[in-house]
Amino acid sequence: MPGLMIDRDILIEAPAEVVWRTITEPAQMSQWFADQVDLVIEPGARGYLKFGDQGGPVVVETVDPPTRFSFRWNHPHGEEPVAGNSMLVEFTLTPEDAERTRLRVIETGHELRSWPDAEKQRYADEHLQGWGEFLDRLDTLVAKR
Amino acid sequence: MTATPDDELWSAIGDPSRCQVLDLLVSHGEVSASWLAERVPFSRQAVSKHLAVLERSGLIGRRKQGREVLYQVQPGRLDQATRAMTGRAALWDQRLAVIKRLAEATHAATKENSRNDE
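The shown structure was predicted, so the numbers you read here are calculated from the model rather than taken from an experiment.

1. A short note on the overall build of chain B
When you go through chain B residue by residue, the secondary structure sums to five helices and three strands. When the elements of chain B are put in sequence order from the N terminus, they spell out α-α-β-α-α-β-β-α. For chain B, the proportion of its 118 residues judged to be buried stands at 47%. Pairs at least 24 residues apart make up 51% of the contacts formed inside chain B by residues separated by at least 6 positions. Carbon together with sulfur atoms contributes 49% to the accessible area of chain B, which is approximately 6,100 Å² in total.

Put into structure tokens, the structure is as follows:
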């Protein structure tokens, strides 16, 4: 039984600094993540991710250019995002040589164990629909490559 | 394709001790709580608690045989959990693919510009 962790990586033909800007600049984040990203990239900064007419808060944890970037999201509104009520997304950039970077992403917090029931229901209602549309849109983006 | 936010299921398999109990059930088929308690580094009472959570999440079922209660994995539910995680992993693969395309395009454009400047 695998742990509740998603661990994926990809080799990118670009220097770490370029990959860093792609994953941290809000204008670029809005091309691979949310429709709209209102966020300042510094530790502890609070922002907002918009997916269509829905969205949710995001909190930056680690900013260590150009090697580590992490944030928490999917936590209930009005609560401090901590382990147990949110998902933690951690990016690690490792240069393979001057022109190539290995980008790794680890997502944890899938068990969301301390969510109040009402929040769980709200999350289920909002995200099931939101995610479907998001996936469709992403499929189109990827297909355009 | 996307993860069903079925939190009872996630919290059931999110605990390492519970995963250990689940692992034993997956590899040994139908077993009793006392059999499990002999093979894990925690108390019989803890085993019973973990079994109750797993049962509530639908991941395992039970059957009475004489005086004994035997537990077994419900493959459909376990499959559902695995598929949901696979779906989220695929979603991240897609995001990484978009990041790769964007970064490589930026890098190619920068190289092109510096060549033109020379």
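Now, onward.
2. Details of the confidence of the model for chain B
Residue and element names in this part refer to chain B. Taken as a whole, chain B shows an average pLDDT of 84; of its residues, 86% reach a score of 70 or greater. Segment residues 1-5 is flagged for pLDDT under 50; beyond a separation of four residues in sequence, or across chains, it makes 18 contacts in the model. Reported confidences for the modelled complex are a pTM of 0.68 and an ipTM of 0.73.

3. Observations regarding the packing of aromatic side chains
A complete count under the given rule lists 11 aromatic pairs over all chains for this structure. Ring centres of Phe33(A) and Trp73(A) lie 5.0 Å apart, and the angle between their planes is 65 degrees; on these two criteria the pair is classed as edge-to-face. Here the residue Phe33(A) occupies a position in the loop between helix H2 (26-32) and strand S2 (36-38), and Trp73(A) occupies one in strand S5 (residues 68-73), the gap between them amounting to 40 residues. Trp73(A) shares its class with Phe33(A); the two are buried. A centroid spacing of 6.3 Å and a plane angle of 5 degrees characterise the contact between Phe69(A) and Phe91(A), whose relative ring orientation is stacked. Here Phe69(A), found in strand S5, pairs with Phe91(A), found in strand S6 (residues 87-97); they are 22 residues apart in sequence, far enough to count as distant. Looking at Phe69(A), the relative accessible area reads 1%, which means it is buried. A residue is classified by how much of its surface remains accessible, and Phe91(A), at 1% relative accessible area, is buried. Through successive ring pairs, a cluster of aromatic residues spans Trp20(A), Trp32(A), Phe33(A), Phe51(A), Phe69(A), Phe71(A), Trp73(A), Phe91(A) and Trp92(B).

4. Things to note about the sheet that holds S5(A)
Residue and element names in this part refer to chain A. Judged by pairing direction, the sheet is antiparallel, and its seven strands sit side by side in the order S1-S7-S6-S5-S4-S3-S2 without closing on themselves. Edge positions in the open sheet fall to strand S1 (5-12) and S2, since each of these has one partner strand only. Each strand of the sheet is rotated relative to its neighbour by a mean of 20 degrees, with strand direction disregarded. Sheet topology note: the S5/S6 ladder contains six bridges and is antiparallel. Looking at the pairing, Arg 72 lines up with Leu 88 of S6. The strands that helix H1 (residues 16-24) touches are S1, strand S4 (54-64), S5, S6 and strand S7 (100-108); relative to S6, the one it contacts most, it runs at about 160 degrees.

5. Some remarks on the pattern of salt bridges
One pass over the full model with this rule turns up 12 salt bridges over all chains. Residues Glu99(A) and Lys111(B) are paired through a salt bridge, measuring 3.2 Å at the closest nitrogen-oxygen approach. Here Lys111(B) lies in helix H5 (residues 75-117) and Glu99(A) lies in the loop between S6 and S7, a pairing that spans two chains. Judged by its relative accessible area of 35%, Lys111(B) falls in the partly exposed class. Shared partners join several salt bridges into a network, and the residues in it are Asp9(A), Glu96(A) and Arg102(A).

Definitions and cut-offs
- Residues numbered from 1 in each chain as written.
- Chains lettered and ligands numbered in written order.
- Predicted model: local features only at pLDDT ≥ 70, side-chain atom pairs only at ≥ 80, totals over all residues.
- Heavy atoms only, no water.
- Helix = DSSP H or I, 4+ residues; strand = E, 2+ residues; numbered from the N terminus.
- Buried < 20%, exposed > 50% of the residue type's maximum accessible area, 1.4 Å probe, protein only.
- Contact = heavy atoms within 4.5 Å.
- Areas by Shrake-Rupley, 256 points an atom, 1.4 Å probe, with all protein chains shown as cover.
- pLDDT = per-residue confidence, 0-100.
- Phe/Tyr/Trp six-rings, centres within 6.5 Å; stacked < 30°, edge-to-face > 60°.
- Pairing = 2+ DSSP bridges.
- Axes fitted to C-alpha atoms, helices over the stretch in contact; angles between N-to-C directions.
- Salt bridge = Lys/Arg side-chain N within 4 Å of Asp/Glu carboxyl O.

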